[in-house]
Amino acid sequence: MTLSMRPATTADALSLAAAAFGSAITHDSIDAAANEINEMPARMILVDNGHFLYSRLMGGGEGIRALQALMVATQGRHLWLLACETQAWRRQCDTSQTDRYFDEIVELPYFERDDFATFLAARNAGLTDSEIDALLKVSRGHPALALFIVARKRSGEIQGIPTPFDESPLRRLARTELLAMAEMSAHGALTATELQSIFRRDAQSIGILLHHLRQSGLILSASRTEQDDDNRLQPLLVPEINAYLVRANYLY
Amino acid sequence: MEEKTLAELVSLLSFQHLIATAVVMGVAGLLLRGLHLTINALAVRYPRARLQLAQSYPAIRLLIWTTTIVFIVLVIVRPPDSVIFAMLGTLALAVGLAAQDGIRNLISGVVMIFNPPFRTGDMIEFGGHYGEVVRLDLSATWLRTFNDNTVMIPNAEFLKGAVSNANSGALDEMVVVTLDLPWPRSITEAKAVAAEAARASRYCFLKKPVAVMVAQRYEYGRFLLQLTIKAYVVDVRLERIMASDIAERTLEALEAQQTLADTPSP
């Protein structure tokens, strides 16, 4: 089950469950749906994009609570696997104590030195030991960022491994912009409408805020629905931006 | 004997000694200025360590000035024993005579450095003033209130009365929001909305719990439901903004539920 948006209502949660277990679920209450699911053959359900199971929006918790209740009520028979970004997971644990409902929690940090070198060798990056060290420092072991830098080096856009991330664009941001980026990190992605609700601002203010962040190269926007775009941190810069936001006390 | 000591003292006040003393004090002043700027720059770069950095400055300043004075006396001036004893006697007399406000504040400042009731960056309430401790000197403490006023309080006052410290060195602190709602209404619903409003506030520190307390009051000739919302703010400087944000969200949500539709004005 790949979540593509936050379940807002109990009906949304039941629709997701119906998609995961086939369209056999016909009941409109969580208890009845759980009973029905518990009579089905045991199966494993992987829930991807788990960051959509956190919401700071007023009134936005009903669907999430319903889906979580369904997972808890059926975990005796079915194996639920939840894949979630680190910051979103931490926030879920802070607000819903989600970690209590899972038997095993596996954290997958970015690469350490040895794994990083093996990964780069497998991709024929052709780097010396010192370049690998420099790349590890710049990328913090983030594989996609490392490959991006290697590709730029190969294409001649850059001569060597660049110096560590330049934080100056972050230091120039206003408090609201930093808070918006922190919420995007904790939620994985947010639409302009969701940001309006979290920040209690009008559409124009949020539009200007997002435009500035996009122009600064710190966030990306991608279509989620016809009306609204998803806004998320620039994936290549996630480790650096998160580190800055934690240091500046906007994330925890 | 006294004339001899006085003559020795005068002889110590040579032009070279005065110049050397001025140079050493100037260097100490510049060192402190540089240290202050460095600490401010570090606090901007590492906001999470802002309080620890600010708290270190008063102790370092005391250390530097003490070292400077000891250096001037023992290395530059190098007075004979008789002058030292005479100066100590004079100092003791001054302290004895002026066990009054200035000295008392100074001694209180030293006591507060070693046994601090609060530190720079803490939010304290004292003598009717509530604000952030922005400067902690030997003789006085400066608060910045939420109205952006700077309040100077002599240090001796702090050792006489009770000081309320809201965060005790932490960046987060509890914010209490009290709302009076018309009665009767659904208590469960009102509590749920208030708790959700607190958690929805972007300033709320979600690692700590949110609590909502309920009480009933009688005012304006009718009963009121009083909600007391307790939540932690992520940074003490955002305390009032968060309190307002929670109140706005709670009232808006209750209004959206049309629970305030028939509210009579007081």
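To start, this report covers the structure provided alongside it. (Residues numbered from 1 in each chain as written. Chains lettered and ligands numbered in written order. Predicted model: local features only at pLDDT ≥ 70, side-chain atom pairs only at ≥ 80, totals over all residues. Heavy atoms only, no water.)

Our next topic: the overall build of chain A. Scanning chain A for helices and strands turns up 12 helices and five strands. Expressed along its principal axes, the backbone C-alpha trace of chain A runs to roughly 60 × 45 × 30 Å. If you take every contact in chain A between residues at least 6 apart in sequence, the share linking residues at least 24 apart comes to 64%. In the structure as shown, chain A presents an accessible area of about 12600 Å², 51% of it carried by carbon and sulfur atoms. Charge centroids of chain A, computed over 24 positive and 31 negative side chains, lie 7 Å from each other. (Helix = DSSP H or I, 4+ residues; strand = E, 2+ residues; numbered from the N terminus. Contact = heavy atoms within 4.5 Å. Areas by Shrake-Rupley, 256 points an atom, 1.4 Å probe, with all protein chains shown as cover. Lys, Arg positive; Asp, Glu negative; His and termini not counted. Charge placed at Lys NZ, Arg CZ, Asp CG, Glu CD.)

All names here are of chain B. With antiparallel pairing, the five strands of this open sheet are ordered in space as β4-β3-β2-β1-β5. Both outer strands of the open sheet, β4 (150-154) and β5 (164-165), are each paired with one neighbouring strand and no more. Examined bridge by bridge, strand β1 (residues 123-126) and β5 share two bridges and lie antiparallel to one another. Each bridged residue has a counterpart across the sheet, and for Ile-124 the counterpart in β5 is Asn-165. (Pairing = 2+ DSSP bridges.)

Residues and elements named next belong to chain B. Within the open sheet, the three strands sit side by side as β6-β8-β7. Their pairing is antiparallel. The open sheet terminates on both sides in strands that have one partner only, identified here as β6 (173-182) and β7 (211-219). Shown here is a sheet whose adjacent strand axes are inclined to one another by a mean of 25°, direction ignored. Relative to strand β8 (residues 222-233), β7 runs antiparallel, the two being bridged by nine bridges. Note that in β8 the partner of Met-213 across the bridge is Thr-228. On the sheet, helix α7 (residues 187-200) packs against β6, β7 and β8 and is oriented at approximately 30° with respect to β8. Contacts from helix α8 (residues 239-256) reach β6 and β8 within the one sheet, and its direction differs from that of β6 by about 30°. (Axes fitted to C-alpha atoms, helices over the stretch in contact; angles between N-to-C directions.)

Here we come to the nonpolar core. One broad rule of soluble globular proteins: the nonpolar side chains tend to lie buried together. Formed by 61 residues in total, the largest nonpolar core has its most connected members in Met181(A) and Met184(A). Broken down by secondary-structure element, the contributors of at least two residues to this core are α9 (175-187), α10 (192-199), α11 (203-215) and α12 (238-247) of chain A together with β6, α7, β8 and α8 of chain B. Considering every element that reaches this core, the biggest residue donor is α9(A), with seven residues. Excluding its chain neighbours within four sequence positions, the residues that come into contact with Met181(A) are Leu170(A), Leu173(A), Leu213(A), Leu218(A), Ile219(A), Leu233(A), Ile241(A) and Leu245(A). Core analysis: the next-biggest nonpolar cluster, separate from the first, contains 27 residues, Ala13(A), Phe21(A), Leu53(A) and Trp89(A) among them. (Core = buried A, V, L, I, M, F, W, Y, C linked by side-chain atoms within 4.5 Å. Buried < 20%, exposed > 50% of the residue type's maximum accessible area, 1.4 Å probe, protein only.)

Moving on, we get to the interface of chain B and chain A. Across the boundary between the two partners, chain B contributes 26 residues, which contact 24 residues of chain A. The junction of chain B with chain A conceals about 2200 Å² of combined surface from both sides, 51% of it contributed by carbon and sulfur atoms. When the buried area of chain B at its contact with chain A is split by residue, Arg48(B), Arg202(B) and Leu206(B) rank highest and sum to 33% of it. The interface formed by chain B and chain A includes four salt bridges. The partner of Glu252(B) in a salt bridge is Arg200(A), and the shortest N-O contact between them spans 2.8 Å. (Buried area = accessible area lost by both parts, 1.4 Å probe. Salt bridge = Lys/Arg side-chain N within 4 Å of Asp/Glu carboxyl O.)

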